[in-house]
Amino acid sequence: MPRRRALAKMHEEPVYRNPVSHAFGLLMVQIRHEQALSLEEVASQLGFSASTGRLLESGAASLPPRCTLQIAELFSFSFDRLATLVTLMHTLDQELQSPNRMRQLLDSFATV
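Procedures and definitions
- Residues numbered from 1 in each chain as written.
- Predicted model: local features only at pLDDT ≥ 70, side-chain atom pairs only at ≥ 80, totals over all residues.
- Heavy atoms only, no water.
- Buried < 20%, exposed > 50% of the residue type's maximum accessible area, 1.4 Å probe, protein only.
- Helix = DSSP H or I, 4+ residues; strand = E, 2+ residues; numbered from the N terminus.
- Arc of directions from axis to C-beta.
- Contact = heavy atoms within 4.5 Å.
- Phe/Tyr/Trp six-rings, centres within 6.5 Å; stacked < 30°, edge-to-face > 60°.
- Core = buried A, V, L, I, M, F, W, Y, C linked by side-chain atoms within 4.5 Å.

### Some thoughts on helix H4 (residues 50-58)
Along H4, the residues classified as buried are Gly53, Leu56 and Glu57. For H4, the angular spread of buried residues about the axis comes to 95 degrees, placing them on one side. Where H4 is buried, its residues contact helix H2 (19-34) and helix H3 (39-46). Looking at the residues trailing H4, positive phi occurs at glycine 59, about 85 degrees.

Given below as structure tokens:
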């Protein structure tokens, strides 16, 4: 993420957050609260730090693919749907490097 901010500053482009990662982070917070789990408990069960968990929940980071199965089991998600979502997150992360490229990608989604 810091690299994206630095690039945006250099090119005077606004910093964009991945909307799929942001929505997924909000869902993680909601489910975590419903299950009365702390962020530290979830992070420990998934094998990353609480600070990484905060980045995921804020949408500032995308879910690491290695955590897909564990998070599907922990939050009772369909693995297939979550794997598709993680793929979309990472695809968008690549496209978010350039706001112009992101607009082109969104336009292509709109025409499908």
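There is more to say, and it comes next.
### As for the packing of aromatic side chains
With the rule as written, the count across this model stands at two aromatic pairs. Ring geometry for phenylalanine 24 versus phenylalanine 77: centroids 6.0 Å apart, planes at 50 degrees, classification tilted. Remark: phenylalanine 77 occurs in the loop between helix H5 (68-75) and helix H6 (79-95) and phenylalanine 24 occurs in helix H2; sequence separation between them is 53 residues. On the accessibility criterion, phenylalanine 24 (4% relative accessible area) is buried. Here the aromatic rings of phenylalanine 75 and phenylalanine 77 are separated by 5.9 Å at their centres, their planes lie at 65 degrees, and the arrangement is edge-to-face. Since its relative accessible area comes to 22%, phenylalanine 77 is described here as partly exposed. Taken together, Phe24, Phe75 and Phe77 form an aromatic cluster joined through their ring pairs.

### Some points on the side chain of arginine 32
Topologically, arginine 32 is positioned in helix H2. Contacts of arginine 32, omitting those with residues within four sequence positions, involve Leu37, Ser38, Leu39, Val42, Glu57 and Phe75.

### Points about the nonpolar core
The biggest cluster of nonpolar side chains holds 22 residues, and the ones touching the most others in it are Phe24, Leu63, Ile71, Phe75 and Leu82. For this core, the secondary-structure elements that each account for two or more residues are H2, H3, H5 and H6. With residues up to four places along the chain from it excluded, the contact list for leucine 82 reads Phe24, Leu63, Thr68, Ile71, Ala72 and Phe77.

Everything listed here is a matter of geometry and, on its own, says nothing about what the molecule does.
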